Amino acid sequence: MTTTLLSRPVSDDLSIAEVTAPADLAGPTLRAQYLDPRDLVDNPRNLRTDVGDLSDLTASMAVVGVLCPLVVIPVPDQPNAFQLIIGHRRKYAAIELGMEQVPVWVASDEGAAAQIVAQLAENGHRVGLTPTEEAEAFHQLTLLDWSPEQIATVRAIPTAKVKQTLKLRELPQAARGAADAGTLTLEDAAALTEFTEDPAALDRILKGTGSSWGFRHAIAAERSKRTFAAAKERAKAELVLAGVKVTSKPKGYPCSGTAVAAMQLADANGIPLDPDVYPTLAGLAAFVEKIGDHAQTTFYCAEPDRYGYQRLSYGSRRGVTEEERARREAAEQARAEYLAGLTVAADVRREFYRTAYGSARAVKRLFLEALRATVVDGLRFRDVDGLYATLGGVDGAAAVVAREDKLRRCLVAQWICVQERNLGYAARDETWALDDEAAVAWLDQLVADGYTLSEAETTLRDSLGRDPQDELPNDEDTDESTAADAEDPDFGDIDAETEQADGVAADDDVLAAPHTAQEPEPEATESEATGPEADDLSDADELADVEKQTFDDGPVSGKS
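Predicted, not measured: the structure shown is a model, and the values here were computed from it.

(A) Region of interest: the sheet that holds strand β7 (residues 260-261). Ordered by their spatial adjacency, four strands build an open sheet running β6-β9-β10-β7, and the pairing between neighbours is mixed. Sheet topology places β6 (245-246) and β7 at the edges, where each strand pairs with a single neighbour. Direction of pairing for β7 relative to strand β10 (residues 294-301): antiparallel, over a ladder of two bridges. Pairing of V260 across the sheet is with C301, part of β10.

And the structure:
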């Protein structure tokens, strides 16, 4: 009787009959016998650091015994000594129960790779390895020339997960601990590897692991800092190559001191200095500073009189006290950082839209509010960096022939774009165009749906008014809503017979329109009964009107 451990890893879920095979198949010999669990040698290559809670296992074994044999191999040069490959938890459970013998499979040594794969096959169905333990296991396999694709095939998991797991080994202990504790996903952990050479950045990021979206905000912020640092070094290098003296920002600039910005200087003839020739002018130097999320180069002259330059203007800040200058400069810097923070947060927020609002269930939940906004205020839609298509929206000919479920998705996508465009006014410091009430309502909606506001978004939210917790639904409301969705007979795909009758293939994410009873409409007054508004419209007519209105590519109204 033979079996091939490498091509078909032995698992606890296989019986003796299932793991045996005809003798003509190539492979090691395999025999069954009973051994004392106390005599079984633990595998030094075992991936587990402890056997975990054995209470459930011992309770089961006390009633039905050991249903699945352990797997062992002979210990070289030690007669009657056997080393465990699979079954460490069963061994210790049997010892705890006082069992004198347990059933085992005795196999010849199939090598380190067969042991590791067999352990993974078992542990994947039992108490799971921690991400760190699994990363070490995968690493051992790579040392034996296994590719991530081969590991993924044996473990029946995506190759991307194998690669993400392997990257855990590159992270410091704090990050690995967060992954093992479940506060850091494998995807998030993989993103951390780009910061392994920057311990300070890693520490700052790991402080944001209270939530997945908080972590992503922290990652985005650190990437923004790196982008600025790279841009700053590039700008300084270009200045040096152009022969410009590069300095730090002059003390007191621009409120006090002798340094004057080149843009406020003119030559001896009173002609303002040409920015295109700043690098070639005598007496000019430059510094690079962070303004918002980008690096800005400023040319200045420390001694304008010495080089014959005339001051076009001293500026309104000349003559202020050092304290006032510092206060103003700090306020300006804080404002710039805040606006940059809103810009960085927008990328994370749009990723949240994709993951949270891309499903048919989300469309159903948001549709009523989107429809109400369209009917009451009119929806002046304009796309935001391709967000409309990302959320499943279509236009042109595709919108003309779209079915009702797709039109609902389009309306919700347009409504989300309007909300995102409104928040964009805050990031661009165009507060005159910002609809404060709509911004507050939308940020609260995002929080209710599982999003974590960034520091800048929280500042914006707090500056606009209400406490977001006041707007969150309580658990009872959420449970009732979920239950109602589950019981709603109209929640699901459009009936297949309807699709066949119409001759149109259903969208992958088709969502049937909820059928609600029509409430009796009050009698129209004499003034209301005149004009086209008095006509009774069918549901289809209303949807058509919505489509016509919302596909208007006009400018977005800043205020409702």
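Structure shown, so let's carry the discussion forward.
(B) Inspection of the environment of A340 at higher detail. Assignment of secondary structure puts A340 in helix α12 (residues 322-356). A relative accessible area of 7% places A340 in the buried class. Sequence separation between A340 and A221 is 119 residues; the distance between their C-alpha atoms is 9.5 Å.

(C) Looking closely at the packing of aromatic side chains. Taken as a whole and assessed by the stated rule, the structure comprises 13 aromatic pairs. Centroid distance F352 to Y357: 5.7 Å. Interplanar angle 80 degrees. Geometry classified as edge-to-face. Taking 4.9 Å as the distance between ring centres and 50 degrees as the angle between the ring planes, the aromatic pair formed by F381 and Y388 counts as tilted. What links up through ring pairs into an aromatic cluster is the set W213, F352, Y353, Y357, W415, W442 and Y451. The ring of F228 has K290 lying over it, and the distance from NZ or CZ to the ring centre is 5.7 Å. For the cation-ring pair, R408 lies above F367, with the distance from its terminal atom to the ring centre recorded as 4.2 Å.

(D) Inspection of the pairing of strand β9 (residues 284-291) at higher detail. A large share of β9 lies buried, amounting to seven of its eight residues. With two bridges joining them, β6 and β9 adopt parallel strand pairing. Bridge pairing in β9 links K245 to A285. Sheet topology note: the β9/β10 ladder contains eight bridges and is antiparallel. When the sheet's bridge partners are listed, A286 is paired in β10 with F299.

(E) Structural view of the packing of helix α10 (residues 199-206) against helix α11 (residues 212-241). Where α10 meets α11, the closest approach of the two axes is 8 Å, and the angle between their N-to-C directions is 150 degrees. One finds that α10 runs roughly antiparallel with respect to α11. In the crossing of α10 with α11, the sense of the turn from one axis to the other is right-handed. Packed against α10, whose contacting residues are A201, R204 and I205, the element α11 presents F215, A218, I219, E222 and K225 at the interface. Within the contact of α10 with α11, the residues separate by chemical class into five nonpolar, no polar and three charged.

Cut-offs and rules
Residues numbered from 1 in each chain as written. Predicted model: local features only at pLDDT ≥ 70, side-chain atom pairs only at ≥ 80, totals over all residues. Heavy atoms only, no water. Pairing = 2+ DSSP bridges. Helix = DSSP H or I, 4+ residues; strand = E, 2+ residues; numbered from the N terminus. Buried < 20%, exposed > 50% of the residue type's maximum accessible area, 1.4 Å probe, protein only. Phe/Tyr/Trp six-rings, centres within 6.5 Å; stacked < 30°, edge-to-face > 60°. Lys NZ or Arg CZ within 6 Å of the ring centre and 35° of its normal. Axes fitted to C-alpha atoms, helices over the stretch in contact; angles between N-to-C directions. Parallel < 35°, antiparallel > 145°, perpendicular 65-115°, else oblique. Left-handed = near helix turned anticlockwise from the far one by under 90°. Contact = heavy atoms within 4.5 Å. Nonpolar A, V, L, I, M, F, W, Y, C, P; charged D, E, K, R; others polar.

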